[in-house]
Amino acid sequence: MKYKELIRAAEQAKKNSFSPYSKLRVGAAVLTKSGKLFTGCNIESSSYSLTICAERTAIFKAVSEGYREFIAISIVSDLKEYIPPCGACRQVLFDLAGDIDVILLNGKKEIKISKLSSYLPMPFNNSFLKNK
Ligand code: THU
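Colleague: What is the right way to look at the side chain of D101 in this model?
Modeller: Topologically, D101 is positioned in strand 4 (residues 101–105). Exposure remark for D101: the relative accessible area of 15% places this residue in the buried category. Among the polar contacts listed, one links the side chain of D101 to the side chain of Y3, at a separation of 2.7 Å. Of the polar contacts made by the side chain of D101, one reaches the side chain of K115; its length is 3.1 Å. Contact partners of D101, with chain neighbours within four places excluded, come to Y3, I71, A72, I73, I113, S114 and K115.

Colleague: Would you mind going over helix 2 (residues 54–64) with me for this structure?
Modeller: An α-helical turn contains 3.6 residues, so a residue and the one three or four places further along point in the same direction. For helix 2, the set of buried residues is A54, E55, R56, T57, A58, I59 and A62. Buried-residue contacts for helix 2 involve strand 1 (26–32), strand 2 (37–41), strand 3 (70–77) and helix 3 (87–97). Where helix 2 terminates, the next one or two residues include G66, which has phi positive at roughly 100°.

Colleague: Is there a simple way to think about the pairing of strand 1 in this case?
Modeller: Strand residues, when the strand is regular, have side chains that alternate between the two faces of the sheet. For strand 1, the tally of buried residues reaches 7 of 7 residues, placing the bulk of the element in the interior. Burial along strand 1 is two-sided: the face carrying V26, A28, V30 and T32 and the face carrying G27, A29 and L31 are both buried. Bridge count between strand 1 and strand 3: 7 bridges; the pairing is antiparallel. Counted as the bridge partner of T32 is F70 from strand 3. Pairing of strand 1 with strand 2, which is carried by 5 bridges, proceeds in the antiparallel orientation. Opposite G27, over in strand 2, you have C41 as the bridge partner.

Colleague: Please clarify how the sheet that holds strand 1 should be interpreted in this entry.
Modeller: The strands making up a sheet associate through hydrogen bonds between their backbones, and the pairing can be parallel or antiparallel. Overall, mixed pairing links the 5 strands, which are arranged 2-1-3-4-5 in an open sheet. The open sheet has two edge strands with one neighbour each: strand 2 and strand 5 (111–115). Between one strand axis and the next, the sheet turns through 20° on average, direction left out of account. Sheet analysis places strand 3 next to strand 4, joined by 4 bridges and oriented parallel. Considered in strand 4, the bridge of S74 is made with I103.

About the criteria used
Residues numbered from 1 in each chain as written. Predicted model: local features only at pLDDT ≥ 70, side-chain atom pairs only at ≥ 80, totals over all residues. Heavy atoms only, no water. Helix = DSSP H or I, 4+ residues; strand = E, 2+ residues; numbered from the N terminus. Buried < 20%, exposed > 50% of the residue type's maximum accessible area, 1.4 Å probe, protein only. Polar contact = N/O pair within 3.5 Å; in protein donor to acceptor, adjacent residues only side chain to side chain. Contact = heavy atoms within 4.5 Å. Pairing = 2+ DSSP bridges. Axes fitted to C-alpha atoms, helices over the stretch in contact; angles between N-to-C directions.

What follows is the structure, given as structure tokens:
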């Protein structure tokens, strides 16, 4: 699958964003090694900290459907600038998907592709857990 298709899927998912508090709509799409695509949007709670980001919605949907190998994630928002994944999502994505490609789209429809590890230097992972 071409990354443009993955970006389009994230843009579609953004439309379902439930973000009445921040008013920031975010969409994400993850691509599995087998070529399947899972999308997600941010979903906010009136108890703000219970909000979930688009990236975690997408990866949790994929994992809950039995997919454990990933190639890339695309992330889009309404902002002019690229929206990078938040710290919590960086950790969760690295845990579940490893060093995948992160594809960002800005308001000018420019694309930026980087490795997840470039957003997460010295990552904590399960190698630090004795009972992994
Ligand atoms: N948000 C995401 O969905 N992904 C990010 O990478 C950054 C932030 C959402 C969470 C919340 O609904 C809103 O953007 C403002 O933080």
